[in-house]
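Structural description and commentary
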Amino acid sequence: MDKKIFSLLSICQKAGKIKTGEDFCVNALRSGEAKLVIIAEDASENTKKKFTNKSTHYGVPFVIFSNRDTLSQAIGKINRPVMVITDGGLAEKINAIVK
C-alpha cells in the first residue's frame, strides 16, 4: 500500500500537481485548486488542527498518513508535514488507497 502512495506522490511532484509548505497549501485551498490535503501523522497538533479545519471549511478531503520524513522523501523535499494534491484523478487514487 505505502509504495503505491509514494509512487503516486512522486508522479504528482514530477507533474507539478503538488503544493508543499503551509502558505502554498493554504493558498491552494482558498483558490479551490486543492483536491486532497495530506497531513503527516507527526505534524504538530497546531498544524493538524489548522489543516483539518481549513479542509473541512473548503470542502476538500484530507488524510493523516505516514510521517513527514517519508512523505518528504517521496517528493524529493525535506521536512514537509503538509502537502496538497491539485490533480483530481491522482487525489482520488491516493485517497482511495489510504482509506
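Residues numbered from 1 in each chain as written. Predicted model: local features only at pLDDT ≥ 70, side-chain atom pairs only at ≥ 80, totals over all residues. Heavy atoms only, no water.

Take helix α2 (residues 22-31) next. For α2, every residue scored as buried is listed here: C25, V26, A28 and L29. For α2, the angular spread of buried residues about the axis comes to 160°, placing them on one side. Exposed and facing more than 90 degrees away from the buried side of α2 are D23, F24, R30 and S31. Contacts from the buried residues of α2 go to β1 (18-20), β2 (36-39), α3 (45-58) and β4 (82-85). Where α2 terminates, the next one or two residues include G32, which has phi positive at roughly 85°. (Buried < 20%, exposed > 50% of the residue type's maximum accessible area, 1.4 Å probe, protein only. Helix = DSSP H or I, 4+ residues; strand = E, 2+ residues; numbered from the N terminus. Arc of directions from axis to C-beta. Contact = heavy atoms within 4.5 Å.)

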